[in-house]
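Observations on the three-dimensional arrangement
As a plain string of letters, each chain reads:
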Amino acid sequence: MRLLIAVFTALLSFVSSASSEDTKLTLNQWLDQEYEQELQRSPLTLTIYGRKDKYDQVDARTVQASLAEIDTLVDSVERMEKHYDYKTLSPQEQMSYDFWKFRAESETAQRPFQYHAYTFNQFRAPHTYPVGFLLNYHQVDSEADMLAYIERVKGLSRALGEAVVISKKSAQMGIRPPLFAYESVLAESRKVIAGKPFDDSAKDSVIWADGSAKIAALVKSGEIDGARQRELSDRLEKNLLN
């Protein structure tokens, strides 16, 4: 959804408008500002967009965080309606206005159903998301980037635990995926923790292999030395196992 919003905003960013008396910003400038604040509440999305803001942080995966995000969006729409007269906006700006309002209405409608989705299934994969995210999005160009990577391993573990809490509540409410979904989730989860440092096999686990390769690249580039390499590897191992 955030990617759709970003594309939508970019397409309309060239549109100008008369300044609002209250904000002195065009609608699209104001929406850009609101969306930036939303991005700042999602460190993982920032990384997906190629930014390194809050590079060591991980989004909250709780129902409370989800509800707070909905409340923030609703408040944003209320402020938009107060500061901008829909009738004076251009057709393109009205489209932006309608889209922002639609988001709030759509997400508000989901408030009573926070536990009604299948948190873990063959399509939704919080159990394998950390692997794809760290491998594909968390780039390491410096020691600071690697320290953020190691911290994120711990944060992703915390977020996975938060997803488990939601799934347990859903199960208590009788909301469970079919048996074959459990089998798929278990099989994929076992793959994540197959290999070092999770067992004594000769093969590295996926995240350990990725993190080790990124640390080794820092040594090769002269960013860190061998002693620091061992320290970072130890910290990575600790966060993977705890």
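Report on the accompanying structure. (Residues numbered from 1 in each chain as written. Predicted model: local features only at pLDDT ≥ 70, side-chain atom pairs only at ≥ 80, totals over all residues. Heavy atoms only, no water.)

Attention now moves to the overall build of the chain. Per the secondary structure count, the chain includes ten helices and zero strands. In the chain, the succession of helices and strands from N to C terminus is α-α-α-α-α-α-α-α-α-α. Overall, the C-alpha framework of the chain stretches about 65 × 50 × 25 Å when taken along its three principal axes. Of the contacts made within the chain by residues no fewer than 6 positions apart, 72% connect residues no fewer than 24 positions apart. In the form shown here, the chain has an accessible surface area of approximately 13,600 Å², with 56% of it arising from carbon and sulfur atoms. For the chain, the centre of its 30 positive side-chain charges and the centre of its 35 negative side-chain charges are spaced 5 Å apart. (Helix = DSSP H or I, 4+ residues; strand = E, 2+ residues; numbered from the N terminus. Contact = heavy atoms within 4.5 Å. Areas by Shrake-Rupley, 256 points an atom, 1.4 Å probe, with all protein chains shown as cover. Lys, Arg positive; Asp, Glu negative; His and termini not counted. Charge placed at Lys NZ, Arg CZ, Asp CG, Glu CD.)

A word on the environment of Val-77. Inspection of the secondary structure assignment puts Val-77 in helix α4 (residues 63-83). Sequence separation between Val-77 and Leu-31 is 46 residues; the distance between their C-alpha atoms is 9.9 Å. Excluding residues within four positions of it along the chain, Val-77 makes contact with Trp-100, Lys-101 and Ala-104.

So, about the packing of aromatic side chains. For the structure shown, the criterion picks out four aromatic pairs. Ring centres of Tyr-86 and Tyr-97 lie 4.9 Å apart, and the angle between their planes is 65 degrees; this geometry places the pair in the edge-to-face category. Of this pair, Tyr-86 sits in the loop between α4 and α5 (91-109) while Tyr-97 is found in helix α5, placing the two residues eleven residues apart along the sequence. Counting every residue linked through ring pairs, the aromatic cluster contains Tyr-129, Phe-133 and Tyr-137. The cationic tip of Arg-103 hangs over the ring face of Trp-100; the distance from NZ or CZ to the ring centre is 5.1 Å. (Phe/Tyr/Trp six-rings, centres within 6.5 Å; stacked < 30°, edge-to-face > 60°. Lys NZ or Arg CZ within 6 Å of the ring centre and 35° of its normal.)

Glancing now at the side chain of Ser-233. Tracing the backbone through its elements, the reader meets Ser-233 in helix α10 (residues 226-241). Dropping the residues within four chain positions of it, Ser-233 is found in contact with Trp-208 and Ile-215.

Let us now look at helix α6 (residues 129-136). Of the positions making up α6, those classed as buried are Pro-130, Val-131, Phe-133 and Leu-134. Structurally, α6 contributes buried residues whose contacts are with α3 (43-48), α7 (143-172), α8 (179-192) and α9 (206-221). (Buried < 20%, exposed > 50% of the residue type's maximum accessible area, 1.4 Å probe, protein only.)

With that out of the way, let us pick up unusual backbone geometry. Going from Lys-196 to Pro-197, the amide bond is cis rather than trans, its omega being 0 degrees. For Pro-197, the position within the fold is in the loop between α8 and α9. Although it is not a glycine, Lys-54 sits at a positive phi angle of roughly 50 degrees. Classification of Lys-54 by relative accessible area gives partly exposed; the value is 32%.

Turning our attention to the environment of Met-146. The topology assignment puts Met-146 in helix α7. Excluding residues within four positions of it along the chain, Met-146 makes contact with Val-140, Gly-211, Lys-214, Ile-215, Leu-218 and Leu-232.

This part takes up the pattern of salt bridges. Within this structure, the stated rule accounts for 18 salt bridges. Lys-191 is the salt-bridge partner of Glu-188, the closest N and O atoms lying 3.3 Å from each other. One end of the pair, Glu-188, and the other, Lys-191, are both in helix α8, three residues apart, so they sit about a helical turn from each other. The partner of Arg-228 in a salt bridge is Glu-231, and the shortest N-O contact between them spans 2.8 Å. In this pair, Arg-228 and Glu-231 both sit in helix α10, three residues apart, roughly one turn of the helix. On the basis of relative accessibility, which here comes to 40%, the residue Glu-231 falls in the partly exposed class. (Salt bridge = Lys/Arg side-chain N within 4 Å of Asp/Glu carboxyl O.)

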